[in-house]
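Okay, here's what each chain looks like letter by letter:
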Amino acid sequence: RGTFFRFFVMGLARLLASSCRRPALGARFMATSSIRGVPLAILSAHMSHGVITKWYAKEGDSVGVGELLYDVTIDKLLPDSDEPYDMQVESHEDVYVRKIIVPQGQAAKPGAVVALAVDDADEMDCALPSAEDVDSLDTSKFMWQGYVQKKEDASGMCDTKC
């Protein structure tokens, strides 16, 4: 009985000391997880999808405020044009990239989770959510800024920032 109690207490202490917020029994992963979704930036009200053309961050990298996360080609920036536009997206938060969900060359819908991020390096070992839970992560609170890569592409709508 003493050995069981000692192992139970040690396990409980480890769980409480962990920086990974674990869900209570029966709770959804996303409700208490420290992992957040990085969205495909909604760069235009007219876009239907975007293709990630380059990731600047790799899994495990620290990304600071103002650092580029990825390049994306969106299908439509302006309502009267069907021209694709090349955009860059930078982080406005200090995060660590835990997992890239949408690799280079693949498309995603605006607002879809393209990567998972955590705030602290000691959260890098947290369990990953299931594919179902990834799709339901709230990406609206992740701060980012989008830029048109070429000034002339914006047709005067954006000088260097959108």
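What counts and what doesn't
Residues numbered from 1 in each chain as written. Predicted model: local features only at pLDDT ≥ 70, side-chain atom pairs only at ≥ 80, totals over all residues. Heavy atoms only, no water. Salt bridge = Lys/Arg side-chain N within 4 Å of Asp/Glu carboxyl O. Helix = DSSP H or I, 4+ residues; strand = E, 2+ residues; numbered from the N terminus. Buried < 20%, exposed > 50% of the residue type's maximum accessible area, 1.4 Å probe, protein only. Pairing = 2+ DSSP bridges. pLDDT = per-residue confidence, 0-100. Contact = heavy atoms within 4.5 Å. Core = buried A, V, L, I, M, F, W, Y, C linked by side-chain atoms within 4.5 Å.

Looking at the pattern of salt bridges
In step 1: By the definition in use, this model includes four salt bridges.
In step 2: Across the salt bridge formed by Asp119 and Arg36, the nearest N and O atoms sit 2.9 Å from each other. One end of the pair, Asp119, is in the loop between strand 8 (113–118) and helix 3 (131–135); the other, Arg36, is in strand 1 (residues 36–39), and 83 residues separate them in sequence.
In step 3: The class for Arg36 is partly exposed, based on a relative accessible area of 22%.
In step 4: Because the salt bridges share partners, they merge into one network encompassing Arg36, Glu93 and Asp119.

As for the sheet that holds strand 5 (residues 85–91)
In step 1: Pairing in this open sheet of five strands is antiparallel, and the strands run 7-2-4-5-9 from one edge to the other. Each edge of the open sheet carries a strand with a single partner, namely strand 7 (107–108) and strand 9 (144–148).
In step 2: Pairing of strand 4 (residues 68–74) with strand 5, which is carried by six bridges, proceeds in the antiparallel orientation. Opposite Ile74, over in strand 5, you have Tyr85 as the bridge partner.

Quick notes on the confidence of the model for the protein chain
In step 1: Looking at the protein chain, the pLDDT average stands at 77 and 72% of residues meet or exceed 70.
In step 2: Ignoring residues within four places in sequence, the model shows residues 5–18, a span with pLDDT below 50, making one contact including any to other chains.
In step 3: A low-confidence stretch, residues 22–32 (pLDDT under 50), is modelled with 16 contacts involving residues beyond four sequence positions or located in other chains.

Focus on the nonpolar core
In step 1: Leu40, Leu43, Tyr70, Val72, Ile74 and Val114 are the most contacted members of the largest nonpolar core, which has 28 residues in total.
In step 2: At the level of secondary structure, the elements contributing two or more residues to this core comprise strand 2 (50–55), strand 4, strand 5, strand 6 (95–100) and strand 8.
In step 3: With four residues, the top contributor of residues to this core is strand 4.
In step 4: Within the second largest apolar cluster, eight residues are counted, among which are Val113, Met124, Cys126 and Leu137.

Section: the sheet that holds strand 6
Working definition: the strands of a sheet are paired by backbone hydrogen bonds and lie parallel or antiparallel to each other.
In step 1: Taken in spatial order, the four strands of this open sheet run 1-8-6-3, and their pairing is antiparallel. One side of each edge strand has no neighbouring strand; the edge strands of this open sheet are strand 1 and strand 3 (62–63).
In step 2: Of the strand pairs in this sheet, strand 6 and strand 8 are connected by four bridges, and their pairing is antiparallel. Bridging across to strand 8, Ile100 finds its partner in Ala115.

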